[in-house]
Amino acid sequence: MTQHQTLPDESETAYHYRVVRRAIDLIDQAEDPLSLEQLAAEMGMSVAHFQRLFSRWVGVSPKRYQQYLTLGHAKTLLRDRFTTLEASHAVGLSGSGRLHDLFVRWEAMSPGEFARGGAGLKIYWGWFESPFGPAVVMGTDKGICGMGFAAETGEEAALQDLVSRWPQAEFIEDPMMLRPWVLQAFGAGDGALETAPLFLIGAPFQIKVWEALLSIPSGQVTTYSEIAQAIGKPRAVRAVGTAVGRNPISWLIPCHRALRKSGGLGGYHWGLPMKRAMLAYEAVHAEN
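Residues numbered from 1 in each chain as written. Predicted model: local features only at pLDDT ≥ 70, side-chain atom pairs only at ≥ 80, totals over all residues. Heavy atoms only, no water.

**Student:** Outline the confidence of the model for the chain, supporting the account with residue identities and numerical values.
**Tutor:** Counting all residues, the mean pLDDT for the chain is 79, and 76% of those residues have values of 70 or more. Least confident of the elements in the chain is helix α6 (residues 85–91), whose mean pLDDT is 51; most confident is strand β5 (residues 170–173), at 96. Counting interchain partners and residues more than four positions distant, the pLDDT-below-50 stretch residues 89–104 has 28 contacts. (pLDDT = per-residue confidence, 0-100. Helix = DSSP H or I, 4+ residues; strand = E, 2+ residues; numbered from the N terminus. Contact = heavy atoms within 4.5 Å.)

Okay, here's the thing in structure tokens:
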């Protein structure tokens, strides 16, 4: 197995995510909210150890985080934290607590280049430990072009998923080339870079959708129909949903913030537990 690059403190937070992932299953299976003691017992840990590592990962107690993981949380987000993309564009991408302030610099491949399936492109890739488990990151010399998460799908499936998107490209394993950008991506940069550049490889319609996703503030959500309105294609809700699902740079282009109009989570390419954990993680940090 390819060795993972470990970012500062990330091997520990990846372990914490695996604990959170197990807790999500327990919370879903329970008819009533679980106490701290019940959760710790189910995880085979002491109360003190479970509370300590859980709180270190997300910054709040298991009890409070459990409120964000409930299945009704998406509806609460949509009611309380829905933002129109029009308003987001108006205020720009500024804001002191915003992860995505790092990603205002991006460029897109031309439609002709995309149509050639990545022919002539050199794509560098590597595995990294992230706050959400193992992440495969890919990039050209222009910026990050792919990011996938393997906690639900498995590493081989996640890697092949991204490789298959640009079948004519040359893939080179070189995590050290990507490392400075990945440090910025997960908030562990050393200040040497102001931004971690993104390089969007997709069809023109997809890139419009992904650009709209980049305008959603952290801790807030939008709907597929709102995205369709924002890109001037109000009747293309289903096509928008497909483009959201084909977003190759997960987390950084925040497709996890797109919900159904009903408040349902919709789908998520890397698994719904991952989407729920990301939304809850951001909701907690948006309040702190």
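Additional details are given in the paragraphs that follow.
**Student:** Can you explain the nonpolar core? Please cite residues and give values.
**Tutor:** With 78 residues, the main nonpolar core has F132, M138, M147, F149, L213, V244 and W251 as its most contacted residues. With residues near it in sequence (within four places) discarded, L213 still touches I227, V244, I253, P254, C255 and A258. Within the second largest apolar cluster, five residues are counted, among which are L77, V221, L259 and L279. (Core = buried A, V, L, I, M, F, W, Y, C linked by side-chain atoms within 4.5 Å. Buried < 20%, exposed > 50% of the residue type's maximum accessible area, 1.4 Å probe, protein only.)

**Student:** An account of the pairing of strand β4 (residues 143–149) is needed here, citing residue identities and associated values.
**Tutor:** As a general feature of sheets, a regular strand has side chains that alternate between the two faces. Of all the seven residues making up β4, seven are buried; the element is thus mostly covered by neighbouring parts of the structure. Note that strand β3 (residues 133–140) and β4 share six bridges and pair antiparallel. The residue of β4 that forms the bridge with A135 is F149. Counting the residues in the hairpin turn of β3 and β4 gives two residues. (Pairing = 2+ DSSP bridges.)

**Student:** Residues and numbers for unusual backbone geometry, please.
**Tutor:** We note that W251 has phi near 75°; this positive angle belongs to a residue other than glycine. If you trace the backbone, W251 turns up in the loop between α12 (237–245) and β8 (258–259).

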